[in-house]
Amino acid sequence: MENRKKVAFYTLGCKLNFSETSTISRNFVEEGFDRVEFEEVADIYVINTCSVTENADKQFKQIVKKAQKKNNKAFIAAVGCYAQLKPEELAAVDGVDLVLGATEKFKITDYINDLSKNDMGQVHSCEISEADFYVGSYSIGDRTRAFLKVQDGCDYKCTYCTIPLARGISRSDTMENVLKNATEIAAQDIKEIVLTGVNIGDYGKGEFGNKRHEHTFLELVQELDKVEGIERLRISSIEPNLLKNETIDFVSKSRTFVPHFHIPLQSGSNDILKLMKRRYLRELYLERVTKIKEVMPDCCIGVDVIVGFPGETDEHFLETYNFLNDLDISYLHVFTYSERDNTEAVEMDGVIPMEVRNKRSKMLRGLSVKKRRAFYESQIGKNKVVLFEGENKEGYIHGFTENYVKIKTPWNPELVNTLHKVQLTKIDADGIVRINFL
């Protein structure tokens, strides 16, 4: 009997990448491969790349080396955003045999023939203008929650961002297919689905290959709320200008959607927002946060922010810091601006020295710790529902409440992937909340 070939995957970057890796891995299994962990010896290693930060670029080479240490004869393939943006660069990395762009990655098994090592990585990468069709995907089997992709690509022209160059135009899955995938996930005893995409608030555009909206994001949310067997639905990241009051109102009363939003801000200075070509000003952002807290006082709100954008003076940065300090939010994801080829921002004047960028980043990370602590403190004494995860970390099991408070309790394998009513009792020394079961 022929030995089945083993394939392993490594994912860099966002939830969307995780959902796509999972779909690609299922394709391999259907083609007769066995999936193994990346730390194991495999015949093929597939690395799903990201290009949002400089670090993700550098990480790629380290991951290739890690794969080579496990098996120096293994076939190594690179897919994802970085593979679309700089395919030749990845193909030149020692050990890489195949680089696939945005549309080719979902047909990866068609490109893998005899697994012979190549002297130079082969590149199959379309022009990004050809990435105009939609491939649905979701992650399953390795997490308590599933990431369900509903949308891909972006039509925005933010001056710092390469994602439109890496993923193409905004396009959506059909409503029918999203609901089919959600039903499939629910049938596998997964308790939580996180909606993901590049710009999910734009859902409905390009649903049937045309530019108009067949459905709205609100309609998607309303239909998903009816799917049987799903305990929780979470919206991953949504642009403030696309998060409408009607959606906020619906989530506040919905059966399954949880009180947690992640809303990119990027800067609290209107001058910088204009330079970034964002589609809102800080006043709109404040309106959204105020509305959310009005109808869901316990809602968790996460914020993306970029520091050190060209032209960001000390005054601009302090505007951002003070705006966030005064805002009723729960945590920050802080990104230090890094120059990306083929963006408008890379040509801009007013480049901020790296030490200044790092100092500002450190200040906002400190503010994030303070914000998260204040949010957790506001939840102590309240009764919530926790979904427990699957890992034993130093004798504790962790989980998240519906409003994204991280909790811990002594390890008990019977709790894995179950929901329990608890009371939040105190914040531990490590900043995680302890509980009593109700």
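Quick summary incoming for the structure in this document. Computed from a predicted structure; not experimentally measured. (Residues numbered from 1 in each chain as written. Predicted model: local features only at pLDDT ≥ 70, side-chain atom pairs only at ≥ 80, totals over all residues. Heavy atoms only, no water.)

Regarding the overall build of the protein chain
Check the secondary structure of the protein chain and you find 13 helices and 19 strands. For 438 residues, the compact-globule formula gives about 22 Å, and the C-alpha radius of gyration of the protein chain, at 22 Å, lands near that figure. The burial tally for the protein chain puts 54% of its 438 residues in the buried class. Excluding contacts between residues fewer than 6 apart, the proportion of contacts in the protein chain whose partners are at least 24 apart in sequence is 72%. In the structure as shown, the protein chain presents an accessible area of about 19,600 Å², 49% of it carried by carbon and sulfur atoms. Side-chain charges of the protein chain comprise 60 positive and 67 negative groups, with the mean position of each set lying 5 Å from the other. (Helix = DSSP H or I, 4+ residues; strand = E, 2+ residues; numbered from the N terminus. Rg over C-alpha atoms; globule rule 2.2 N^0.38 Å. Buried < 20%, exposed > 50% of the residue type's maximum accessible area, 1.4 Å probe, protein only. Contact = heavy atoms within 4.5 Å. Areas by Shrake-Rupley, 256 points an atom, 1.4 Å probe, with all protein chains shown as cover. Lys, Arg positive; Asp, Glu negative; His and termini not counted. Charge placed at Lys NZ, Arg CZ, Asp CG, Glu CD.)

Here we look at the sheet that holds strand β11 (residues 232-235)
Sheet architecture is open: three strands sit in the order β7-β10-β11, paired in parallel fashion. Two strands in the sheet have a free side with no partner beyond their single neighbour: β7 (145-149) and β11. The sheet shows a mean angle of 25° between the axes of neighbouring strands, taken without regard to direction. Where helix α1 (residues 15-30) meets the sheet, it contacts β7 and β10 (192-196), and its direction lies at approximately 95° from that of β7. (Pairing = 2+ DSSP bridges. Axes fitted to C-alpha atoms, helices over the stretch in contact; angles between N-to-C directions.)

Side note on the pattern of salt bridges
Evaluated as defined, the whole model comprises 31 salt bridges. Note that Asp-34 and Arg-4 form a salt bridge whose closest N and O atoms lie 2.9 Å from each other. A residue pair is termed long-range when its members are at least 10 positions apart, and Asp-34 in strand β2 (residues 34-36) and Arg-4 in the segment before β1 (6-11) qualify at 30 residues. Given a relative accessible area of 29%, Asp-34 falls into the partly exposed group. (Salt bridge = Lys/Arg side-chain N within 4 Å of Asp/Glu carboxyl O.)

A look at the side chain of Gln-151
Structurally, Gln-151 is set in strand β8 (residues 151-152). A polar contact of 3.2 Å, which involves the side chain of Gln-151, links it to the side chain of Ser-170. A distance of 2.7 Å separates the side chain of Gln-151 from the backbone nitrogen of Asn-199, its partner in a polar contact. Excluding residues that lie within four positions of it along the chain, Gln-151 makes contacts with Leu-16, Tyr-134, Ser-170, Arg-171, Ser-172, Thr-196, Gly-197, Val-198, Asn-199 and Ile-200. (Polar contact = N/O pair within 3.5 Å; in protein donor to acceptor, adjacent residues only side chain to side chain.)

Things to note about the nonpolar core
Soluble globular proteins tend to pack their nonpolar side chains together in the buried interior. With 52 residues, the main nonpolar core has Leu-195, Leu-324 and Leu-364 as its most contacted residues. In terms of residue count, helix α7 (residues 175-186) provides more of this core than any other element does, five residues in total. Those residues in contact with Leu-195 that lie beyond four places of it in its chain are Leu-148, Val-150, Ile-200, Phe-217, Leu-220, Leu-224, Leu-233, Arg-234, Ile-235, Ser-236 and Phe-257. Listed in part, the 22 residues of the second largest apolar core include Phe-38, Tyr-45, Phe-60 and Val-99. (Core = buried A, V, L, I, M, F, W, Y, C linked by side-chain atoms within 4.5 Å.)

With respect to the packing of helix α9 (residues 245-253) against helix α11 (residues 282-295)
Interaxial distance between α9 and α11 falls to 10 Å at its minimum, and their mutual angle equals 25°. The pairing of α9 with α11 is recorded here as roughly parallel in orientation. The hand of the α9/α11 crossing is right-handed. Mapping the contact onto sequence places Asn-245, Ile-248, Asp-249 and Ser-252 in α9 and Arg-288, Lys-291, Ile-292 and Val-295 in α11. In terms of residue class, the contact of α9 with α11 is built from three nonpolar, two polar and three charged. (Parallel < 35°, antiparallel > 145°, perpendicular 65-115°, else oblique. Left-handed = near helix turned anticlockwise from the far one by under 90°. Nonpolar A, V, L, I, M, F, W, Y, C, P; charged D, E, K, R; others polar.)

Description of the state of the cysteines
Within this structure, the stated rule accounts for zero disulfides. The closest cysteine sulfur to the non-disulfide-bonded Cys-50 is located on Cys-81, 6.4 Å from its own sulfur. Cysteine Cys-161 shares no disulfide, and the gap to the nearest cysteine sulfur, in Cys-158, comes to 6.1 Å. (Disulfide = S-S within 2.5 Å.)

With respect to the packing of helix α8 (residues 217-224) against α9
Two numbers describe how α8 lies on α9: the axes approach to 9 Å, and their chain directions differ by 15°. As judged from the angle between their axes, α8 and α9 are roughly parallel. Every pair of crossing elements has a handedness; the one defined by α8 and α9 is left-handed. Residues Phe-217, Leu-218, Val-221 and Gln-222 of α8 lie in contact with α9, whose contacting residues are Glu-246, Thr-247 and Phe-250. Here the residues of the contact of α8 with α9 are counted per class, giving four nonpolar, two polar and one charged.

Overview of the pairing of β10
Most of β10 sits out of view: five of its five residues are buried. The alternating pattern of β10 places Glu-192, Val-194 and Thr-196 and Ile-193 and Leu-195 on opposite faces, both of which are buried. Bridge count for β7 against β10 is five bridges, and the pairing is parallel. Within β10, the position partnered with Lys-149 by the bridge is Thr-196. In the sheet, β10 pairs with β11 via four bridges, with the strands oriented parallel. Looking at the pairing, Ile-193 lines up with Leu-233 of β11.

Focus: the environment of Ser-139
Structurally, the position occupied by Ser-139 is in the loop between β6 (122-124) and β7. On the basis of relative accessible area, Ser-139 is assigned to the buried category, the value being 2%. C-alpha separation for the pair Ser-139 and Ser-338, spaced 199 residues apart in sequence, amounts to 29 Å.

Some words on unusual backbone geometry
What is expected of a backbone is that most residues other than glycine have negative phi and most peptide bonds are trans. Although it is not a glycine, Asp-189 adopts a positive phi angle of roughly 60°. Relative to the assigned elements, Asp-189 resides in the loop between α7 and β10. Even without glycine at this site, Glu-394 takes up a positive phi of about 50°. With respect to the helices and strands, the residue Glu-394 is situated in the loop between β15 (383-388) and β16 (396-401).

Digging into α7
When the terminal C-alpha atoms of α7 are compared, their 16 Å separation across twelve residues agrees well with the 16 Å that a helix rising 1.5 Å per residue should span. Turning to α7, its buried residues number three or more, namely Met-175, Val-178, Asn-181, Ala-182, Ile-185 and Ala-186. In an axial view of α7, the angular spread of the buried residues amounts to 140°, which keeps them on one side of the axis. On its buried face, α7 sits against β7, β10 and α8. (Expected span 1.5 Å × (residues − 1). Arc of directions from axis to C-beta.)

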